[in-house]
Amino acid sequence: MIRYLLSRVGQALLVLMVTFSAAFLLLQALPGDAIMIKFMSPDMGLSADQIAEIRAAYGADLPIWERYFQTLANFLTGNFGYSIQAGVPVSQQLQVNLPPTLQLASLGFVAAIILTITIAALSNVVGMAWLRTAIQSMPSLFISVPVFWLGIMLIQVFSFQLGLVSVISPGPVERLILPVLTLAIPISAPLSQILMRNIDEVLAQPFVAVAKAKGASHTWVLWRHVARNAVLPTLTIAGVLFGELLAGAVVTEAVYGLNGLGGLTNQAVGNHDTAVLQAIVVISALAFVSINLVVDLLYPVLDPRLGNKLGIAA
Amino acid sequence: MFLAKNLGLLAGALASLASVAFVPGNAAAQGAVTKGGTLIYLEQQTHTNLYPPAGGFYPNGGVLNQITDKLTYQNPKTLEIEPWIAESWTVNADATEYTFKLRPGVTFSDGTPVDAAAVAKNFDIYGLGDKALKHPVSEVITNYKGSEVVDPLTVKFFFTKPSVGFLQGTSVIGSGLVSLKTLALPFDALGDATKIIGSGPFVVKSEVLGRELVMEARKDYKWGPAKLAHQGRANLDGIKYVVTPEDSVRIGALLAGQAQIIRQVQAYDEKQVQSKGFVIYAPSTRGINNSVVFRPDNPLVSDIRVRQALLHAVNAKEIVATLFSANYPQAKSIIASTAQGYVDQSAKLTYDPALAAKLLDEAGWTMGPKGLRQKDGKELVLTAYESLPQPQNKETLQLVAQQWAKVGVKLNVLAGDAGSRIADSLDPLKTPVAPAMVGRADPDVIRSQYYPTTRNVLMQKGGISNKVQTFVDDKLNGLLEAIAAETDPAKRIALVGEVQAYVIDQGYTIPIFEEPQAFAASPKVKDFAFEAVGRPAFYTVWLAPK
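What you see is a predicted model; the values in this text were computed from it and never measured.

**With respect to the overall build of chain B**
Counting its regular elements, chain B contains 16 helices and 25 strands. Its C-alpha atoms give chain B a radius of gyration of 24 Å, within 12% of the compact-globule value 24 Å for 546 residues. If one aligns the C-alpha atoms of chain B with their principal axes, the spans along those axes are about 75 × 55 × 45 Å. When burial is assessed residue by residue, chain B has 55% of its 546 residues classed as buried. For chain B, contacts bridging at least 24 residues in sequence account for 68% of all contacts bridging at least 6.

Here it is as structure tokens:
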């Protein structure tokens, strides 16, 4: 178990290192840089000499390998540098923007799971055929709704028309209601599609017939026998989706005017704010890697057979 | 139009204060000013670095204008320079020495005095920069040599060459005075609004970076611009800035009563706002009009006939009528009609496609098979990048492209990322055409816009671009240098008129419209005022109870 964990952590570190290097190289390959965008823009009205001085002060024209090792050393000591456009340390930006994004993503994810389970359960429990079809087609509807449009519609109806929640000066809980809903709906769509399909597949297996023959009710079979078997592929997708949630909050944050990593990324991309982007890429990679690690470790808990294959006692 | 509105506001404020209703003004009709309350202001973009000389970016200026005071105040109505932190000043004959007498008793919000030493340090940094702290030089201060503290309330500034624009330069957003503690911080730390300590009527109380900013009125503030009707502390108790990028959310929140003032209202949204009884404010930016400029270093547009043809092929009236509203007057020169030294050039700016076709024929560009003009096997295809801060700039350029297509010229309009945009815009071969606009209420704005070592909008040789081959216009540069050096105001204004005519005659610039800053406000908002180029000033604002 410990050996397995260590090798997985080692792999994770390797992935992070490769991500860091690739991000650094790709960001350097873009035309122009943040200093050029900030200071060479005619709005600053600076002369060629003044710009040269600024570039020298930032060490912007040092050889690429020198900057690479400098940045790497800084990252390892927890120094992410400064955002040239915003004029604040990147660590301060992360401090302000990381927690709300984590909060929004986690709550959105939980809400999506509740929605997924509700849809999957209802589609198997509801008796009326037309209603079942309607419930089963909900994921297709959810996945086709543009997040941007959904967000604006929710604001228009619930905030501006009905006046139920404020989007400009909301309370701590109030501010999350609509964004969480906006985020949960499109995320729940692929999850419930996969879960419903897997439930159907598991329901077709012989052991279900046996359980029913022994006198178990449909609901009993669903919860006791089918759910556990059907949830594994969903978990894999959920792991991938959660990582996407962190980055995918861009639109939700922009529509609701929330601060978070999404908005920060958006701005940093617009201004080639390399230091900010480098930190965001590494943090997102860290999130992806950790979540997939957690998902991998959860498999044997849900399915003991997998644990035996990996040589871990379940 | 805005002038009239502002006059009414000012008269209203005067009348209510003096309790003599000789003009039926807004405030007078409603009785006394209501004090207190918090204003909620929605900004489209988050502010960037708040180093005062970087205050030109409107979201930055919107913050700095409330928290910093300036040495002088430019009256937005008359454009005269009036006393503020400086009670009086003298300038020597050749404009190389300026002496300012400061108002006593003024303090920064950290308690330190706004005295000669502090003011001298501010301008030393703005005028010369600071390499160790990475502070860049201010655009509006030229030929700065140094300062001298004569006594605690007298400060003197010296210049290497005549610097006529300096007096107006002390009134602009980029010359906001900040505490020595703020100036001691590195440039990279000045994006945090709570670190900007000014002496203004409001103080930043807290900030959530990129999301919101809370300001509080300074109770002991008693040094507003001397000639302003309102004196003493600000009427409001506080202001809450909320960054709301999405247009429809800003407008919806305003109409639903969740906010009182919003910035950046597109022309197509004006009707919706006004039909509900809300008010559009569109103060002029009083500088260089929203225009399209050429980079004559590019051989495609090096021929004056080609540029003139393209000028006459643009129908600015159609652009304004299609995309904008009455708040965006059609341009009649390269600078706004409300700018100092404006001379009407509209006779030279006619829409005349027949003349355009004739000029292009004369220049040797003949109509090719695809409806595109050709010369020596080359097609007349030009490229421009859209400018994000300008209202509906992409649509404007696309309309220009349609109009040029009628005379056989193609214009590609690119969006591009910021890096490519800046890199390509320094290369005349890649961007023969570019959109342009600057807000500043001083004739110096023309020099700053066209001179090679400053904004260099025509991309002459001698600026920051190393891609320019040969193009230099010595006559234009001579005129611009004369504007910077001329100490006689009347002669200076005459030179400004000469430059306007020259730039249009050369077909360097196609002016399109006079750009306003567009705000929308609840009818409860009273005495909403602006500095000379359209940045909001919340000092006088008050909220009516109903």
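**Quick word on the overall build of chain A**
Helix and strand counts for chain A stand at 15 helices and two strands. Its C-alpha atoms give chain A a radius of gyration of 24 Å, clearly above 20 Å, the size a compact globule of 314 residues would have. When its C-alpha atoms are laid out on the principal axes, chain A stretches across 85 × 60 × 30 Å. Looking at chain A residue by residue over its 314 residues, the buried ones come to 34%. If you take every contact in chain A between residues at least 6 apart in sequence, the share linking residues at least 24 apart comes to 71%.

**A few points about the interface of chain A and chain B**
Tallying the contact residues gives 51 residues for chain A and 45 residues for chain B. When residues of the side of chain A that touches chain B are traced back to their parent elements, those giving at least two are α2 (34-39), α3 (48-58), β1 (82-83), α5 (90-125), α8 (147-161), α12 (250-256) and α13 (261-271) of chain A. Tallied by class, the residues present in the side of chain A that touches chain B amount to 26 nonpolar, 22 polar and three charged.

**A look at unusual backbone geometry**
Note: most peptide bonds trans; most residues except glycine with negative phi. In this structure, His272(A) is a non-glycine residue whose phi angle is positive, near 50°. Secondary-structure assignment places His272(A) in the loop between α13 and α14 (274-302). For His272(A), a count of 25 C-beta atoms within 10 Å corresponds to the buried category. Its identity as a non-glycine residue notwithstanding, Gln392(B) has a phi of 45°, on the positive side. Within the secondary structure, Gln392(B) is located in the loop between β17 (381-385) and α12 (393-405).

**Topic: the domain arrangement of chain B**
Residue and element names in this part refer to chain B. Under the domain assignment used here, chain B contains domain 1 (7-282 + 518-543) and domain 2 (288-513). The straight-line distance from the C-alpha centre of domain 1 to that of domain 2 is 32 Å. Listed by partner, the interface residues are 22 residues for domain 1 and 20 residues for domain 2. The residue inventory of the side of domain 1 that touches domain 2, partitioned by class, reads 12 nonpolar, six polar and four charged.

**Section: the confidence of the model for chain A**
On average, residues of chain A score 84 in pLDDT, and 95% of them are at 70 or above. Of all helices and strands in chain A, the one with the weakest mean pLDDT is helix α15 (residues 304-310) of chain A (65), whereas α8(A) scores best (91).

**Things to note about the environment of Trp542(B)**
All names here are of chain B. Of note, Trp542 is situated in strand β25 (residues 542-543). Its 23 C-beta neighbours within 10 Å are what place Trp542 among the buried residues. Taking the C-alpha atoms as reference points, Trp542 and Ile262, 280 residues apart in sequence, are found 15 Å from one another.

**Quick word on the nonpolar core**
Membership of the largest hydrophobic core comes to 152 residues, with the highest contact counts inside it found for Ile85(B), Leu102(B), Val119(B), Ala259(B), Ile261(B), Ile262(B) and Phe538(B). Broken down by element, this core gets its largest block of residues, 13 residues, from helix α9 (residues 174-203) of chain A. Two domains share this core, each providing at least three of its residues, namely domain 1 (7-282 + 518-543) and domain 2 (288-513) of chain B. Those residues in contact with Ile262(B), other than ones at most four positions away along the chain, are Leu42(B), Arg250(B), Ile251(B), Leu254(B), Phe519(B) and Ala520(B). Membership of the second largest hydrophobic core comes to 72 residues, among which are Leu300(B), Ala331(B), Tyr385(B) and Ile512(B).

**Some remarks on the sheet that holds strand β16 (residues 378-379) of chain B**
Residues and elements named next belong to chain B. Overall, antiparallel pairing links the three strands, which are arranged β14-β15-β16 in an open sheet. Looking at the sheet topology across the chains shown, the edges are occupied by β14 (366-367) and β16. Sheet analysis places β14 next to strand β15 (residues 373-375), joined by two bridges and oriented antiparallel. In the sheet register, Met367 faces β15, and the bridge partner there is Arg373.

**Brief notes about the environment of Ser171(B)**
All names here are of chain B. Within the secondary structure layout, Ser171 lies in the loop between α5 (166-169) and α6 (180-183). Expressed as a C-alpha distance, the spacing of Ser171 and Asp269, which sit 98 residues apart in the sequence, is 33 Å. Apart from residues lying up to four places away in sequence, Ser171 is in contact with Lys70, Thr72, Tyr73, Gln74 and Ile81.

**Looking at the sheet that holds strand β19 (residues 433-438) of chain B**
All names here are of chain B. The antiparallel open sheet is built from three strands, whose spatial order is β19-β13-β20. On the outer flanks of this sheet lie β19 and β20 (509-513), each paired with one strand and no other. The average undirected angle you get between the axes of adjacent strands in this sheet is 30°.

**Some points on the packing of α13(A) against α14(A)**
Residues and elements named next belong to chain A. With their axes 9 Å apart at the nearest point, α13 and α14 run at an angle of 140° to one another. With respect to their mutual orientation, α13 and α14 come out oblique. The two elements α13 and α14 meet at a crossing, and its hand is left-handed. Contact residues: Leu261, Leu264, Thr265, Ala268 and Val269 in α13; Val276, Leu277 and Ile280 in α14. Class assignment for the residues of the contact of α13 with α14 results in seven nonpolar, one polar and no charged.

**A short note on the pairing of strand β7 (residues 154-159) of chain B**
All names here are of chain B. The two faces of β7 differ: Val155, Phe157 and Phe159 on one face are buried, but Thr154, Lys156 and Phe158 on the other face are not. As paired elements, strand β5 (residues 97-102) and β7 share five bridges and run antiparallel to each other. Residue pairing for β7: Lys101 is matched across the bridge by Thr154. Where strand β6 (residues 144-151) meets β7, six bridges bridge the pair, whose relative direction is antiparallel. Bridging from a neighbouring strand, Val149 pairs with Val155 of β7. Linkage of β6 to β7, two consecutive antiparallel strands, is achieved through a turn of two residues.

**Concerning helix α9 (residues 304-313) of chain B**
Residues and elements named next belong to chain B. Among the 10 residues of α9, eight are classified as buried, and the element is accordingly described as predominantly covered. What α9 keeps buried is the set Val306, Arg307, Gln308, Ala309, Leu310, Leu311, His312 and Ala313. Taken together, the buried residues of α9 touch β13 (288-294), α11 (353-362), α12 and β20.

**Concerning the pairing of strand β18 (residues 410-414) of chain B**
Only one face of β18(B) is covered, namely the one carrying Leu411(B) and Val413(B); the face carrying Lys410(B), Asn412(B) and Leu414(B) has none of its residues buried. The parallel pair β17(B) and β18(B) is bridged by α12(B), and the resulting crossover is right-handed.

**Digging into the packing of α5(A) against helix α6 (residues 129-136) of chain A**
Residue and element names in this part refer to chain A. In contact at an axis separation of 9 Å, α5 and α6 are set at 155° when each is read in the N-to-C sense. As judged from the angle between their axes, α5 and α6 are roughly antiparallel. In the crossing of α5 with α6, the sense of the turn from one axis to the other is left-handed. Mapping the contact onto sequence places Ile119, Leu122 and Ser123 in α5 and Arg132, Ile135 and Gln136 in α6.

About the cut-offs
- Residues numbered from 1 in each chain as written.
- Chains lettered and ligands numbered in written order.
- Predicted model: local features only at pLDDT ≥ 70, side-chain atom pairs only at ≥ 80, totals over all residues.
- Helix = DSSP H or I, 4+ residues; strand = E, 2+ residues; numbered from the N terminus.
- Rg over C-alpha atoms; globule rule 2.2 N^0.38 Å.
- Buried ≥ 20, exposed ≤ 12 C-beta atoms within 10 Å, placed from the backbone.
- Contact = placed C-beta atoms within 7 Å.
- Nonpolar A, V, L, I, M, F, W, Y, C, P; charged D, E, K, R; others polar.
- Domains from an automatic or database assignment.
- pLDDT = per-residue confidence, 0-100.
- Core = buried A, V, L, I, M, F, W, Y, C linked by C-beta atoms within 7 Å.
- Pairing = 2+ DSSP bridges.
- Axes fitted to C-alpha atoms, helices over the stretch in contact; angles between N-to-C directions.
- Parallel < 35°, antiparallel > 145°, perpendicular 65-115°, else oblique.
- Left-handed = near helix turned anticlockwise from the far one by under 90°.
- Right-handed = clockwise from strand over helix to strand, strands pointing away.

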